[in-house]
Amino acid sequence: DGDIEYLGRIDHQVKIRGFRIELGEIEAALASHPAVREVLVLAREDQPGEKRLVAYVVLAPDVTATVSELRAFVQPRLPAYMIPAAFVLLNSLPLTTNGKVDRRALPQPVAERPDLARPFLPPRTRAEELLADIWSRVLGVARVGIEDNYFELGGDSIRSLQILAQAAQVGLNFSLADLFNRQTIGSLAEQMARIELGEAVAASLETAAFQLISPADRAALPAGVADAYPLSKLQAGMLFHSELAADTAVYHNVTSWHIEAPFDGSLLAAAVQQLAARHPVLRTSFDQTTYSQPLQLVWANRPIPVTWHDVRDRNPVEQTAEIDRQVQQAVASKFNWTEPPLLRFHFLQRSETTFQMIMTEHHAILDGWSVASLVTELFQTYRALLAGQPTAAEASVPYREFIAAEHASLASDSARAFWRELLDESSISTVPRLPLPKGDEDVPETAVHQTILSADQVARLNQVAQLAGVPLKSVLLAAHLKVLGYVSGRQDVLAGLVMNGRPEQTGSERALGLFLNTVPFRQKLESGSWLDLIRQTFATEKTVLPYRRFPLAEIQQMLGGQPLFEVPFNFLHFHVFDELDGDDIRILDEQFFGHASFALAVEAELNPANGTLALKLEHDPAQFGAPQIEALAGYFTRTLAALAAAPDAPHQTFSPLSQAELQQLLVDWNATAVPVPDRLVHEWVAQVAETMGGRTAVLYQNQYLTYAELNAKANQLAHTLLANGVGPESVVAIYLNRSPEMVTAALAVLKAGGVYLPLDPTYPDDRLAFMLADARPQLLLTHSTLQDNLPSAAANRLCLDTEWDQVARHSNQNPPTAVTADNAAYIIYTSGSTGQPKGVVVTHRGVPNLAQYLQRQFVVGPNSRVLQFAAFGFDASVAEIFMTLTAGAALVLADADDVLPGPELVALVQTHGVTVMTLPPSALALLDPADFPSLQTVVAA
């Protein structure tokens, strides 16, 4: 029966919109509801072209159930395309004399109203009657009550344009913001109570051809130009980015559709040319240099290039390869913007009933809705031509009207003030870049990660939208803000929102052009439920709506010219494709090739045919690797699942992380416990000396000590210290230049159980005096050449150069001490930059643990050579010395004057083959890696 194909018994299987539908499956799902006694589902076409499933339901006695309850009951049980469009509640099913259901007696569902929670309230005034009639026609709803919510009836921004235009024709004038703020007819009528209903005359904002350019520019136009007007700011930006990245496909869009329909290349070409005649933007070119300002020129007659060829003789694999080749050729064939049109088609006939359509266009002439509208109109025209019914070329709303509206917005002081106030003290919500996976460096210009939400998931999101009294778009936008806030670590979120700026004129929803503006969308994520967040998001949308046409480029210029946001969000619902409904022409598949200039963009596209939603993350693979994008996609799906499952739950306690990420963050990364060394650091060095005594321990200029020599000298000095009364908690100062004796002295104090206090000979006298008076060391180790620089009141002294003979008389065996892990090991004084220096006492307990951690972190082992660069009085010296000596590595001492990288440091590192060194960040910045061929690890101290 034409668009409805009966495949079996009428009450079993039908085909609607290409879907095979088991009516019995729908009936079984409804019959499982405890309140349903009988049910019959039919596919009806009461009006030509309007096909829908209708459920006739008889409830059990003394049981009540609303249509809303029945619809909600079957939504999780059936695919979206199998959920009846209308429910009719009957006392009983009409029967024939033979006791069978009398289908002809079943009532049409035209008198039935959509299943809304509110009771039906009829119009009371003439204005309400007119609005109810307009809403009914535009939204396809049989009856509209004055308290019915616009968005619950299926309203959106595109349908809003039709409502505003048709209302203006009957003298009812209100704005798009009014409709979004007052979402019922009753509320709108209250606002318009003072309007006198008279002649159907609306205030005209329409412009005439050439009205938007100067007389001088018009006089200079070439013959054949039917109109000319400036570029929109977004068009200018797209052309700029296209020129800036001329070697890429930025804003050069190619779309490939697999179509099921009879193929006639000549008729397809004729249909394309009819579109060119109707829509000025399809005959447009750009001239950015000839006139007083960049202009777009609309030519009176410019045919659109259409080519086709036959691939029916090839197998499916060969056909696919040829289609891919044609697509790549289309991507590579850029447009000359000065030559119209900026659109072309290529068709490949695949079989008698299928073909491929490849359409190439520059994004500057068409937005997404325009592409969907163009394709729908193209195949409606083609269908008429196939039937021998040529259609008249009707004029379209020119794109010039949008340019005029944008110019009016640019002249608005209130718009400028709004954006300044909204973005005052704002900052970009940035998505951190994680390390890219290792692999092929030849990454594509752009990539798209797509996640499909099932029709059941979308149905649950729609239920949340109805609870909140907002469109589905606001639910998805709220989830976007939540995820962006989470990954950026911000509660004050600044994103981008793609908004439609079509003029409120009759037929504007079918006009072709680039009617978009991506505006900054700032919202603070206040505590509350998911519903609170969604309503807050919609409230912000309504605030932005009156200023949606103020161009992003102008906002940026007002605020310093810097980017205002990083991640834009776009919601797409191309319900215009519903007008293609029919089995004679069907879109089987669609592939899009093209990208914008954002590093990351989020797009949610609702499929009107099957009710699913595609969540797309378009990204630059050079900035966002596949693992990070997959994680982000998971954040979105889990966020949407959480708000759909419990819309009243608090959103601020929700985490979008996966179980694997939570395991990693909370468990794996906190599993840092390692066995702590069971010996003190000097005991550990002694063990190294016992097993690797012949290895070099300390290098300085032409001097070196093996581990056996270092341990023996330190033991002799330790026994000397013990003989002088040094023991646990005894402070011993070490006043020595960088030398092997400095390392020996520090190790000896620890072996004796004392606490070493490093004193740098370069310190000012007053600082040295303060440290000695404050710490009160029991003994001071120095050289005879240095002791004259010490304060006269310094402690008892032992000169390691002149008195070493006395030290050498002591045992070179490891001394026994009573020191424990809780005893002090050394004292480091702070810089004193904010006051008096303060001595920090560090116990033995942490030193072996630090040494073990650093060895593991920087891969220090017996074959390593570590540069001891930090000043002895700086705590980094402890890490350098004992990380090295406990690993059996070689400690290479820098000269005292090597404070920054220079020729001496390069020579030192190269001569001694240093593999690890610690430098301050300022010094690291001066390094040339080529000067240090042996270096493996540089540690920023």
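Residues numbered from 1 in each chain as written. Predicted model: local features only at pLDDT ≥ 70, side-chain atom pairs only at ≥ 80, totals over all residues. Heavy atoms only, no water.

Draft legend 1. Broad picture of the sheet that holds strand β15 (residues 492-500). Strand order in this open sheet of six strands is β14-β20-β19-β17-β15-β16, and the pairing throughout is mixed. The open sheet terminates on both sides in strands that have one partner only, identified here as β14 (447-453) and β16 (516-524). The mean inter-strand angle of the sheet, taken between neighbouring strand axes irrespective of direction, is 25 degrees. Examined bridge by bridge, β14 and strand β20 (residues 613-619) share seven bridges and lie antiparallel to one another. Of the residues in β20, the one forming a bridge with V448 is E618. (Pairing = 2+ DSSP bridges. Helix = DSSP H or I, 4+ residues; strand = E, 2+ residues; numbered from the N terminus. Axes fitted to C-alpha atoms, helices over the stretch in contact; angles between N-to-C directions.)

Draft legend 2. Fine view of the side chain of H362. Looking at the element boundaries, H362 is found in strand β13 (residues 354-362). When residues no more than four places from it in sequence are discounted, the contact partners of H362 are M238, L239, S242, Y251, F335, W337 and L342. (Contact = heavy atoms within 4.5 Å.)

Draft legend 3. Region of the structure containing the nonpolar core. With 93 residues, the main nonpolar core has W135 and L613 as its most contacted residues. For this core, the element with the most residues is helix α15 (residues 472-488), which contributes 10 residues. Apart from residues lying up to four places away in sequence, L613 is in contact with T451, I452, L453, V458, L472, L476, F571, A604, E605 and L606. L282, V306, I365 and L514 belong to the second-largest nonpolar core, a separate cluster that totals 59 residues. (Core = buried A, V, L, I, M, F, W, Y, C linked by side-chain atoms within 4.5 Å. Buried < 20%, exposed > 50% of the residue type's maximum accessible area, 1.4 Å probe, protein only.)

Draft legend 4. Local environment of helix α16 (residues 530-544). The terminal C-alpha atoms of α16 lie 21 Å apart, and with 15 residues this matches the ideal 21 Å at 1.5 Å per residue to within 8%. Where α16 begins, the side chain of S529 points an oxygen toward the backbone nitrogen of L531, at a separation of 3.4 Å. (Expected span 1.5 Å × (residues − 1). Polar contact = N/O pair within 3.5 Å; in protein donor to acceptor, adjacent residues only side chain to side chain.)

Draft legend 5. Examining the sheet that holds strand β8 (residues 252-260) more closely. Spatially, five strands are ordered β11-β12-β13-β8-β18 in an open sheet, and the strand pairing comes out mixed. On the outer flanks of this sheet lie β11 (306-310) and β18 (586-593), each paired with one strand and no other. In this sheet, neighbouring strand axes are inclined to one another by 15 degrees on average, regardless of whether the strands run parallel or antiparallel. Pairing of strand β12 (residues 343-349) with β13, which is carried by seven bridges, proceeds in the antiparallel orientation.

Draft legend 6. Seen up close, unusual backbone geometry. The step from P340 to P341 runs through a cis peptide bond, and the omega angle for that step is -5 degrees. Along the polypeptide, P341 turns up in the loop between α10 (316-332) and β12. You will see that V859, though not glycine, has its phi angle at about 50 degrees, which is positive. In this structure, V859 sits in the loop between α25 (846-857) and β29 (865-868).

Draft legend 7. Here's a closer look at the packing of aromatic side chains. Scanning the model with the defined rule gives 18 aromatic pairs in all. Geometrically, the ring pair formed by Y229 and Y399 is tilted, given 6.5 Å between the ring centres and 50 degrees between the ring planes. Of this pair, Y229 sits in strand β7 (residues 225-230) while Y399 sits in the loop between α11 (368-386) and α12 (400-410); the two residues are 170 residues apart in sequence, bridging distant segments of the chain. One exposure class covers both Y229 and Y399, and it is buried. Plain terms: the ring middles of Y756 and F872 are 5.9 Å apart, the flat faces sit at 5 degrees to each other, and that makes the pair stacked. Pair noted here: Y756 is in strand β24 (residues 755-759) and F872 is in the loop between β29 and α26 (876-885), with a separation of 116 residues, a long-range link. Taken together, the ring pairs connect F263, F345, F347, F355, F379 and Y382 into an aromatic cluster. Its end group placed over the ring of Y763, R767 keeps NZ or CZ at 4.8 Å from the ring centre. (Phe/Tyr/Trp six-rings, centres within 6.5 Å; stacked < 30°, edge-to-face > 60°. Lys NZ or Arg CZ within 6 Å of the ring centre and 35° of its normal.)

Draft legend 8. Just the pattern of salt bridges, in detail. Within this structure, the stated rule accounts for 20 salt bridges. The partner of D310 in a salt bridge is R312, and the shortest N-O contact between them spans 2.5 Å. For R312, a relative accessible area of 36% gives the class partly exposed. D678 is the salt-bridge partner of R679, the closest N and O atoms lying 3.0 Å from each other. The exposure class of D678 is exposed, given its relative accessible area of 70%. Members of the salt-bridge network, linked through shared partners, are D227, R400 and E401. (Salt bridge = Lys/Arg side-chain N within 4 Å of Asp/Glu carboxyl O.)

Draft legend 9. Representation of the pairing of strand β27 (residues 824-829) within the structure. Of all six residues in β27, six are buried, a share of seventy percent or more. With five bridges joining them, β27 and strand β28 (residues 839-843) adopt antiparallel strand pairing. Bridge pairing in β28 places Y826 opposite V842.

Note that every value here comes from positions in space, so none of it alone points to a role or purpose.
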